[in-house]
Amino acid sequence: TNILFVIKAFPHIEFILQRNDQTRPVWEPVLREGAPANVSLLFDESMGTGKASAQFPQALKGIRCGYAGGLGPSNIKEMVPAILPLAEGRDDVWVDMESSLRTVTADSNDVFDISKCFACAMAVVDLGIKSGGLASETHAPSLKRSRTPAD
């Protein structure tokens, strides 16, 4: 496909493909033909509108995945523990926020609000997130698990 040609032509640039029904003609051929290492998927059923997702899909093996859809300061503490099990202990899964991190100023300017970003970061710190899952089981089960020879 044309998009795959461009992705392969620029291996030093990360291409984040929004994955939802509307964008299926873009991401599906890339996955079918084997996504290069510079491709990530963003699961966003809200299609960029910032509406909360009812559920999130499992992270795909062999490709970095992100989650979006209504995530923000008001719900990040509840949503991250819901997303973590989908990551299966990987540390290359991320979240994306845009509209919830913006504020309309008194003079009607729509601006990025660093205080909202900081609130999200602190909420994740409060959860005890570390690489591979939650630091303790006081908030939610850890994603770390023992590996067996069958794994």
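Whatever comes next refers back to the structure up there.
For every chain, the first residue of its written sequence is number 1, and the numbers climb from 1 along that sequence. Local features are withheld for residues below a pLDDT of 70 in this predicted model, meaning they are given only at 70 or higher, and side-chain atom pairs are given and counted only at 80 or more; totals for whole chains, interfaces and linings count all residues. To obtain the side-chain values, all non-hydrogen atoms of the structure were included, while hydrogens and water were left out.

Caption draft 1: Geometry of the packing of aromatic side chains. Pairs were defined over the aromatic rings of Phe, Tyr and Trp, the Trp ring being its six-membered one, requiring ring centres within 6.5 Å. Orientation was assigned from the angle between planes: stacked under 30 degrees, edge-to-face over 60, tilted for the rest. Under the criterion given, the structure shown has 2 aromatic pairs. Judged by centre distance (5.2 Å) and plane angle (35°), the ring pair of Phe 43 and Tyr 67 falls under tilted. Within this pair, whereas Phe 43 is found in strand 2 (residues 39-43), its partner Tyr 67 is found in strand 3 (residues 64-67), the two being separated by 24 residues in sequence. In this structure, Phe 43 and Tyr 67 share a single accessibility class: buried. Geometrically, the ring pair formed by Phe 56 and Tyr 67 is edge-to-face, given 5.5 Å between the ring centres and 90° between the ring planes. Of this pair, Phe 56 sits in the loop between strand 2 and strand 3 while Tyr 67 sits in strand 3, and the two are 11 residues apart along the sequence. Residue classification places Tyr 67 among the buried residues on the basis of a relative accessible area of 0%. Only runs of H or I of at least four residues qualify as helices and only runs of E of at least two qualify as strands under DSSP, and these elements are numbered from the N terminus. Throughout this description, buried means an accessible area under 20% of the type-specific maximum (1.4 Å probe, protein chains only), exposed means over 50%, and partly exposed covers the range between.

Caption draft 2: Expanded view of the sheet that holds strand 3. Should DSSP find at least two bridges between two strands, the strands are taken to pair. On the basis of which strands lie adjacent, the open sheet formed by 4 strands has the order 1-2-3-4 and parallel pairing. Whereas interior strands pair on both sides, the edge strands pair on one side only; in this sheet they are strand 1 (15-19) and strand 4 (93-95). When strand polarity is set aside, the average angle formed by the axes of neighbouring strands in this sheet is 25°. Direction of pairing for strand 3 relative to strand 4: parallel, over a ladder of 3 bridges. Bridge pairing in strand 4 places Tyr 67 opposite Val 95. We call two residues in contact whenever any of their non-hydrogen atoms come within 4.5 Å of each other. The convention used is that axes are lines fitted to C-alpha atoms, helices contributing only their stretch in contact, and that angles between N-to-C directions extend from 0 to 180 degrees. The sheet contacts of helix 2 (residues 24-33) involve strand 1 and strand 2, and relative to strand 1 the element is tilted by about 115°.

Caption draft 3: Representation of unusual backbone geometry within the structure. At Ser 108, a residue that is not glycine, the phi angle is positive and equals roughly 70°. Accessibility expressed as a relative area gives 60% for Ser 108, which makes it exposed.

Caption draft 4: Just the state of the cysteines, in detail. Pairs of cysteine sulfur atoms within 2.5 Å are what we label disulfides. Counted under the stated rule, the structure contains 0 disulfides. Here Cys 120 is not disulfide-linked; the sulfur of Cys 117 is the nearest cysteine sulfur, at 6.7 Å. Exposure remark for Cys 120: the relative accessible area of 6% places this residue in the buried category.

Caption draft 5: Representation of a nonpolar patch on the surface. To count toward a patch, a residue needs a relative accessible area above 30% and no salt bridge. Like charges then connect within 9 Å, nonpolar side chains (Val, Leu, Ile, Met, Phe, Trp, Tyr) within 5 Å. The Shrake-Rupley method, run with a 1.4 Å probe, gives the accessible areas here. Residue values count only the displayed protein chains as cover. Salt bridges are defined by distance alone: a side-chain nitrogen of Lys or Arg within 4 Å of a carboxyl oxygen of Asp or Glu. Together, Phe 5, Val 6, Phe 10 and Ile 13 make up an exposed nonpolar region whose accessible area comes to about 370 Å². Within the fold, Ile 13 resides in the loop between helix 1 (2-9) and strand 1.

Caption draft 6: Spatial organisation of the nonpolar core. Counting 26 residues, the largest nonpolar core has Phe 56 and Tyr 67 as its most contacted members. Elements that contribute at least two residues to this core include exactly helix 1, strand 1, helix 2, strand 2, strand 3, helix 3 (76-87) and helix 4 (114-127). Ignoring any residue separated from it by four or fewer positions in sequence, one finds Tyr 67 in contact with Leu 42, Phe 43, Phe 56, Pro 57, Gln 58, Ala 59, Ile 83, Leu 86, Val 93, Trp 94, Val 95 and Asp 96. Residues belong to a common nonpolar core when they are buried Ala, Val, Leu, Ile, Met, Phe, Trp, Tyr or Cys residues joined through side-chain atoms within 4.5 Å.

Caption draft 7: Focus on the environment of Ile 13. By relative accessible area, Ile 13 is classed as partly exposed at 36%. The spacing of Ile 13 and Val 39 is 26 residues in sequence and 8.7 Å in space, taken between C-alpha atoms.

Caption draft 8: A look at the packing of helix 1 against helix 2. Interhelical geometry of helix 1 versus helix 2 gives an angle of 65° and a closest axis separation of 9 Å. As helix 1 runs across helix 2, the sense of the crossing is right-handed. Across from Ile 3, Leu 4 and Ile 7 in helix 1, the residues of helix 2 making contact are Val 26, Val 30 and Glu 33. Gly falls in the polar group here, along with every residue not listed as nonpolar (Ala, Val, Leu, Ile, Met, Phe, Trp, Tyr, Cys, Pro) or charged (Asp, Glu, Lys, Arg). Each residue belonging to the contact of helix 1 with helix 2 can be placed in one class, and the counts come to 5 nonpolar, no polar and 1 charged. Working rule for handedness: look at the near helix, and if it is turned counterclockwise from the far one by less than a right angle, call the crossing left-handed; if clockwise, right-handed.

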